[in-house]
Amino acid sequence: DARVTQTPRHKVTEMGQEVTMRCQPILGHNTVFWYRQTMMQGLELLAYFRNRAPLDDSGMPKDRFSAEMPDATLATLKIQPSEPRDSAVYFCASGLVLAGATDTQYFGPGTRLTVL
Amino acid sequence: AQSVTQLDSHVSVSEGTPVLLRCNYSSSYSPSLFWYVQHPNKGLQLLLKYTSAATLVKGINGFEAEFKKSETSFHLTKPSAHMSDAAEYFCVVSDQKGSQGNLIFGKGTKLSVKP
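The sections below set out a description of the structure shown in this document.

Criteria and cut-off values
- Residues numbered from 1 in each chain as written.
- Chains lettered and ligands numbered in written order.
- Predicted model: local features only at pLDDT ≥ 70, side-chain atom pairs only at ≥ 80, totals over all residues.
- Heavy atoms only, no water.
- Helix = DSSP H or I, 4+ residues; strand = E, 2+ residues; numbered from the N terminus.
- Polar contact = N/O pair within 3.5 Å; in protein donor to acceptor, adjacent residues only side chain to side chain.
- Contact = heavy atoms within 4.5 Å.
- Salt bridge = Lys/Arg side-chain N within 4 Å of Asp/Glu carboxyl O.
- Buried < 20%, exposed > 50% of the residue type's maximum accessible area, 1.4 Å probe, protein only.
- Pairing = 2+ DSSP bridges.

## Section: the side chain of His29 of chain A
Residue and element names in this part refer to chain A.
And step 1. Mapping His29 onto the fold places it in the loop between strand E3 (19-24) and strand E4 (31-38).
And step 2. A polar contact is formed between the side chain of His29 and the side chain of Ser94, at a distance of 2.7 Å.
And step 3. Every residue in contact with His29, bar those within four places of it in the chain, is listed here: Ser94, Gly95, Leu96 and Tyr106.

Below, the structure written as structure tokens:
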């Protein structure tokens, strides 16, 4: 049963520290999404990749957040330096998007980040 | 621009009674529509999706939704609630013409099920 995996599942860190979250998309999916979920803002799209190329990262604070896909099996989201307001659950999702067709996004279990 | 509005932030039902979670969408073309469910401390799971085939879509766990273009609605229903249905439900519409693969999420409806 193919699924999206994310590590770590939980992360507690201090303000100013670097945080790296990792995601392994489902094999064969060509699109990877990063979301952030908070009680106040709900689910927000941060960035997404198609065939490993970044398509849109307009939802991401550029000064401290960065997202990459070093290869087809790994996507990373990095926060440097982290701030308490970054505390949230970060979800990765993957999907197969073909021309003119939106397919289902499959979500990972999330990384719960707490910045003290 | 595409958008979805979930009309209730919280719905409470008794076990064994019907469930109705309401969703209205706005789209300038024929959209793809989805319902996702999120159980506490879990990721989002697809319940069902509509992609311009049959207007009545059946999903997992006994849920179904009906696409009504005239009402721009995509309400989620289940004939009989189970305690395990307690979760948050998101109505979702595809962005633009779907070519980008983006989804627009509603704010969510929290479903409580009383014994």
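Moving on from the coordinates now.
## Comments concerning the pattern of salt bridges
Residue and element names in this part refer to chain A.
And step 1. Scanning the model with the defined rule gives 8 salt bridges over all chains in all.
And step 2. For Glu44, the salt bridge is made with Arg36, and the minimal N-O distance between the two is 3.2 Å.
And step 3. Note on Arg36: relative accessible area 11%, which makes it buried.
And step 4. Beyond isolated ion pairs, a larger network of salt bridges with shared partners links Arg64, Glu83, Arg85 and Asp86.

## Some words on the pairing of strand E5 (residues 33-38) of chain B
All names here are of chain B.
And step 1. Counting buried residues along E5, 6 of its 6 residues qualify, which places the element largely inside the surrounding structure.
And step 2. Here E5 shows no split at all, with Leu33, Trp35 and Val37 on one side and Phe34, Tyr36 and Gln38 on the other all buried.
And step 3. Counted between consecutive antiparallel strands, the loop separating E5 from strand E6 (residues 44-50) contains 5 residues, among which Asn41 sits at a positive phi close to 60°.
And step 4. Where E5 meets strand E10 (residues 87-94), 6 bridges bridge the pair, whose relative direction is antiparallel. Following the sheet pairing, Tyr36 is matched in E10 by Phe90.

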